[in-house]
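# Topology and contacts: notes
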Amino acid sequence: MTKTEAPAKKYAALLRGINVGGNKKVPMADLRSVLEGLGHGDVRTYLQSGNAVFTSESRDPAALARELEAAIEARFGFPVKCLVVDGAYLRAVAEACPFPAAELEGRQLHATFLSEQPAPERFAALDPAAYLPEEYRLGDRVLYLYAPGGLGSSDLGAALHKPSLLKGVDATTRNWNTVAKLVELTAD
């Protein structure tokens, strides 16, 4: 590497809606192969729910996401929305968490990663008191959700994912255990 070349940057690819209920099957070995075929290095996957970590010379996460979406559709024959975020962003999301993550079970806390920052006014119709003890906070291209009973039984989680609230914004949710592991895997 010369002085003018920047080192490869670590990214996490978050795929939305794969391997759920037997639909949109993307084996993790095949996902690794797709990423390697795109020229990315140090490719690893985490769980079966569409989390991959890789290095790239690119400094454009949105372009990486578009490239990965096109490669997945070409390989598997169906579209999959992908968000690509770098390790610094993941660390910032974890550090900015407004809930006491260390005191909660991973299934109680979730981060919904967003392709763009929605205006807070979109959420004005949600009455926070109607969902207690569940709570949410809007961060930097992320929604934090505290759901003590887990996401599967969360009324607030369902309300936050209504198409009217997130119209035009790609979103994918991870529990806090996954967020913490992705922070670890993308650390420099």
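Residues numbered from 1 in each chain as written. Predicted model: local features only at pLDDT ≥ 70, side-chain atom pairs only at ≥ 80, totals over all residues. Heavy atoms only, no water.

Within the chain, the secondary structure is distributed over six helices and eight strands. N-terminal to C-terminal, the α/β element order of the chain is β-α-β-β-α-β-α-β-β-β-α-α-β-α. Here the C-alpha radius of gyration of the chain, 17 Å, is about what a compact globule of 188 residues would show, namely 16 Å. Along the three orthogonal principal directions, the C-alpha set of the chain runs to about 55 × 40 × 30 Å. For the chain, the proportion of contacts with a sequence separation of at least 24, taken over those separated by at least 6, is 70%. (Helix = DSSP H or I, 4+ residues; strand = E, 2+ residues; numbered from the N terminus. Rg over C-alpha atoms; globule rule 2.2 N^0.38 Å. Contact = heavy atoms within 4.5 Å.)

Tallying each qualifying case throughout the model produces seven salt bridges. With a closest N to O distance of 3.0 Å, aspartate 86 and lysine 9 form a salt bridge. Here the residue aspartate 86 occupies a position in strand β4 (residues 82-86), and lysine 9 occupies one in strand β1 (residues 9-15), the gap between them amounting to 77 residues. Notably, a salt bridge pairs glutamate 184 with lysine 181, separated by 3.1 Å at the nearest N-O pair. (Salt bridge = Lys/Arg side-chain N within 4 Å of Asp/Glu carboxyl O.)

Bringing the sheet that holds strand β8 (residues 171-175) into the picture now. Taken in spatial order, the four strands of this open sheet run β6-β7-β5-β8, and their pairing is antiparallel. Edge positions in the sheet fall to β6 (135-138) and β8, since each of these pairs with one other strand and no more. The mean angle between the axes of side-by-side strands here comes to 20°, regardless of whether they run parallel or antiparallel. In this sheet, strand β7 (residues 142-146) lies alongside β6 in antiparallel orientation, the contact comprising four bridges. Paired with tyrosine 136 across the bridge in β7 is leucine 145. Along the sheet face, helix α3 (residues 87-95) touches β5 (109-114) and β7 and points at about 40° away from the line of β7. Taken strand by strand, helix α6 (residues 176-185) contacts β5, β7 and β8, and its axis lies near 95° from that of β8. (Pairing = 2+ DSSP bridges. Axes fitted to C-alpha atoms, helices over the stretch in contact; angles between N-to-C directions.)

Right, let's talk about the packing of aromatic side chains for a bit. Evaluation of the coordinates by the stated rule reveals six aromatic pairs. Measuring from ring centre to ring centre gives 5.7 Å for tyrosine 11 and phenylalanine 54, while their planes differ by 25°; the resulting arrangement is stacked. With a gap of 43 residues between them, tyrosine 11 in strand β1 and phenylalanine 54 in strand β3 (residues 51-56) connect regions that are remote in the sequence. Take tyrosine 11: its relative accessible area is 0%, and that puts it in the buried class. By relative accessible area, phenylalanine 54 is classed as buried at 1%. (Phe/Tyr/Trp six-rings, centres within 6.5 Å; stacked < 30°, edge-to-face > 60°. Buried < 20%, exposed > 50% of the residue type's maximum accessible area, 1.4 Å probe, protein only.)

Moving on to unusual backbone geometry. The peptide bond linking leucine 132 to proline 133 adopts the cis configuration, its omega dihedral lying at 15°. Here proline 133 shows up in the loop between β5 and β6. Of note, the phi angle at aspartate 42 is positive, near 45°, even though the residue is not glycine. One can find aspartate 42 in strand β2 (residues 41-46).

Assignment of secondary structure puts histidine 161 in the loop between α4 (155-160) and α5 (163-166). Each C-alpha atom, one on histidine 161 and one on glycine 22, is 22 Å from the other, the two residues being 139 residues apart in sequence. Setting aside anything within four residues of it in sequence, one finds histidine 161 in contact with Thr112, Leu166 and Thr173. Engagement of the side chain of histidine 161 in a polar contact is seen with the side chain of threonine 173, the distance being 3.1 Å. (Polar contact = N/O pair within 3.5 Å; in protein donor to acceptor, adjacent residues only side chain to side chain.)

Per-chain confidence: the chain averages 93 in pLDDT, with 97% of residues scoring 70 or above. By mean pLDDT, α5 is the weakest element of the chain at 86, and β7 is the strongest at 98. (pLDDT = per-residue confidence, 0-100.)

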